[in-house]
Amino acid sequence: MTRSTLAATAPGTVLGIPAAPLRPYVLGYRGYRVALRQPLRRLEVPTDVVTVALAFEGTMSLTDAVSPAPATAFGSVAAGLRRTATIAEHAGVLHGLAVSLTPQGAFRAFGPMAGELGGHWAEAGDVLGPRLRALTDRLAHAPSWPARFAMLDGYFGALFAYGPDWDPSVHWVWRQLRYSHGLVPIGALVEGTGWSRRRLELRFREQLGLAPKQAAGILRLQRTLHLLTAHEERTAGAPTAGPRTTGADLATRCGYYDQSHLDRNFRAMVGRSPSAFLASRRTAALTEPAGRVTDRVSGRVTSTLLEVGG
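Values in this document were obtained by computation on a predicted structure and should not be read as measured data.

K.L.:
Which residues make up the overall build of the chain, and what values do they have?
P.N.:
When its secondary structure is counted, the chain shows 12 helices and 9 strands. For the chain, the C-alpha radius of gyration of 20 Å lies close to 19 Å, the compact-globule estimate for 310 residues. Principal axes of the C-alpha set define a box for the chain whose edges measure 55 × 50 × 40 Å. For the chain, long-range pairs separated by at least 24 residues make up 71% of all intrachain contacts whose partners lie at least 6 apart in sequence. Of the accessible surface of the chain, which amounts to about 15100 Å², a share of 54% is contributed by carbon and sulfur atoms. Taking the 35 positively charged and 23 negatively charged side chains of the chain as two groups, their mean positions are separated by 2 Å.

K.L.:
Describe in detail the packing of aromatic side chains, supporting the description with residues and values.
P.N.:
Using the criterion set out here, one finds 7 aromatic pairs in the structure. Ring centres of Tyr155 and Phe156 lie 5.1 Å apart, and the angle between their planes is 90°; on these two criteria the pair is classed as edge-to-face. For Tyr155, a relative accessible area of 15% translates into the label buried. Aromatic side chains Trp166 and Trp174 sit 6.4 Å apart centroid to centroid with 75° between the ring planes, which places their arrangement in the edge-to-face category.

K.L.:
Describe the nonpolar core, naming the residues involved and giving the relevant values.
P.N.:
Within soluble globular proteins, side chains that are nonpolar generally end up buried alongside one another. Val52, Val99, Leu101, Phe110, Leu152, Leu177 and Phe204 are the most contacted members of the largest nonpolar core, which has 73 residues in total. Here this core gets 8 residues from one element, more than from any other, and that element is helix α9 (residues 212–235). Look past the residues within four positions of Phe110 in its chain and what remains in contact with it is Val50, Val52, Leu101, Leu117, Val127 and Leu128. In terms of nonpolar packing, the next biggest core, distinct from the first, is built from 8 residues, Tyr32, Ala53, Ala88 and Ala98 among them.

K.L.:
Pulling in residues and values, what's your account of the side chain of Thr224?
P.N.:
If you trace the backbone, Thr224 turns up in helix α9. Excluding anything up to four places from it in sequence, Thr224 contacts Leu250, Cys254, Tyr256, Leu262 and Phe266.

K.L.:
Kindly report on the layout of surface pockets, identifying the contributing residues and their values.
P.N.:
Within this model, the largest pocket holds a volume of roughly 1100 Å³. In this structure, the largest pocket is lined by 46 residues; those nearest its centre are Arg30, Arg42, Glu44, Met60 and Arg296. Every element with two or more residues in the lining of the largest pocket is listed here: β2 (26–44), β3 (50–57), β4 (60–64), β6 (77–79) and β7 (86–101). No other element matches the 11 residues that β2 contributes to the lining of the largest pocket. Within the lining of the largest pocket, the residues separate by chemical class into 25 nonpolar, 14 polar and 7 charged.

K.L.:
Provide a residue-level description of empty space enclosed by the protein, including the pertinent values.
P.N.:
Applying the stated rule across the entire model yields 1 cavity of 30 Å³ or more. Val50, Gly80, Leu81, Pro103, Ala106, Ala114, Leu117, Gln207 and Leu208 together form the lining of the largest cavity. When contributions to the lining of the largest cavity are tallied by element, the ones reaching two or more residues are α1 (103–110), α2 (113–117) and α8 (197–208). In terms of residue class, the lining of the largest cavity is made up of 7 nonpolar, 2 polar and no charged.

K.L.:
Describe the side chain of Arg108, naming the residues involved and giving the relevant values.
P.N.:
Relative to the helices and strands, Arg108 is located in helix α1. Every residue in contact with Arg108, bar those within four places of it in the chain, is listed here: Tyr25, Leu159, Phe160, Gly163, Pro164 and Asp165.

K.L.:
An account of the pattern of salt bridges is requested, with residue identities and associated values reported.
P.N.:
Tallied over the full model, the rule gives 11 salt bridges. Linking Arg41 and Glu89 is a salt bridge whose minimum nitrogen-to-oxygen distance equals 3.2 Å. Highlighted residues: Arg41 in strand β2 and Glu89 in strand β7, separated in sequence by 48 residues. Classification of Arg41 by relative accessible area gives buried; the value is 13%. Between Arg82 and Asp64 there is a salt bridge, and its shortest N-O distance comes to 2.5 Å. With Arg82 in the loop between β6 and β7 and Asp64 in strand β4, this residue pair connects regions lying 18 residues apart in the sequence. The class of Asp64 is buried, set by a relative accessible area of 16%. Several salt bridges share partner residues, and in doing so they unite Arg42, Glu44 and Arg296 into one network.

K.L.:
Now, about the environment of Val270: what can you tell me, with residues and values included?
P.N.:
Locating Val270 in the fold gives a position in helix α11 (residues 259–270). Note on Val270: relative accessible area 1%, which makes it buried. Once the C-alpha coordinates of Val270 and Glu44 are considered, the two residues, 226 residues apart in sequence, prove to be 8.4 Å apart. Among residues more than four places away in sequence, those in contact with Val270 are Leu43, Val45, Ala65, Val66, Ala85, Leu221 and Phe277.

So, how was this worked out
- Residues numbered from 1 in each chain as written.
- Predicted model: local features only at pLDDT ≥ 70, side-chain atom pairs only at ≥ 80, totals over all residues.
- Heavy atoms only, no water.
- Helix = DSSP H or I, 4+ residues; strand = E, 2+ residues; numbered from the N terminus.
- Rg over C-alpha atoms; globule rule 2.2 N^0.38 Å.
- Contact = heavy atoms within 4.5 Å.
- Areas by Shrake-Rupley, 256 points an atom, 1.4 Å probe, with all protein chains shown as cover.
- Lys, Arg positive; Asp, Glu negative; His and termini not counted.
- Charge placed at Lys NZ, Arg CZ, Asp CG, Glu CD.
- Phe/Tyr/Trp six-rings, centres within 6.5 Å; stacked < 30°, edge-to-face > 60°.
- Buried < 20%, exposed > 50% of the residue type's maximum accessible area, 1.4 Å probe, protein only.
- Core = buried A, V, L, I, M, F, W, Y, C linked by side-chain atoms within 4.5 Å.
- 1 Å grid on protein atoms, 1.4 Å probe; cavity = no way out; pocket = protein on both sides within 12 Å on 5 of 7 lines; lining within 4 Å.
- Points joined across faces, edges and corners; volume = space filled by probe spheres on them.
- Nonpolar A, V, L, I, M, F, W, Y, C, P; charged D, E, K, R; others polar.
- Salt bridge = Lys/Arg side-chain N within 4 Å of Asp/Glu carboxyl O.

In structure tokens, the structure reads:
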């Protein structure tokens with residue numbers, strides 16, 4: 001198992017890989033300790049990842065990026081699958097860690113609460129129970145990040161050992177959606193399960209928190225983001241590098257009727273146009289040590305930095 005040796009009190013970010021038996025359910029651990037003089041705002045786009053963030057110090061304010069409302073402040077927070085982006089803001093010291101769960105892992109860890117969490121944020125203790133506070137205290141006083149990640153392995157390993165399993169048909173539907181990047185017709189999924197459309201939607205909502213069509217939209221968005229950012233990185237500083245990907249090409253590959261359809265869906269889910277999102281990523285990359293935005297979860301496009309007030 002790969003572990004970082006970054007000291008527990010060192011500034012910055014450190015990634016941890018879960019133990020092998022947990023990897024169908026846990027995508028990774030991410031420890032962080034940052035101290036900011038000015039507020040920082042991140043735009044977190046919809047993904048197929050359920051996040052549990054455990055705070056040792058500091059709070060974060062969350063609001064919807066598409067339908068803004070008064071922000072809600074959280075210490076430790078659980079975030080279910082969401083169809084619209086989130087704006088997260090914090091200032092001062094923020095110290096803690098985040099656990100990235102697959103939807104199946106969230107159901108195994110949370111049980112029926114996984115369905116209720118869909119589209120929402122909640123205090124992590126309300127989802128995982130009163131023992132979470134004791135776990136967070138132990139994590140905060142652990143001597144190193146590797147020790148913390150090992151404690152998380154033990155905690156989630158115990159939850160998964162006795163947690164509920166997805167219905168086999170729900171598992172099959174999710175697998176079809178994932179493999180097709182959300183492009184498989186819902187009618188084909190209904191036929192494949194032998195359920196009615198209503199029953200399929202009900203069971204999916206119970207176990208993932210979203211209907212199949214909504215989950216498919218998230219997967220199509222992630223495919224779009226992956227192709228957009230890959231093209232952006234490939235052509236950065238090299239205008240003649242390879243064939244140019246047009247908006248129409250991208251729309252077709254991602255299951256949209258045309259570029260206008262893609263743009264409308266993108267704005268409805270992210271709160272800004274694809275070009276505005278890419279521009280914010282380019283600006284944010286200037287502040288990153290590697291010259292590129294560091295996404296929260298490997299293999300997903302998750303985030304960009306925003307100007308305060310933007």
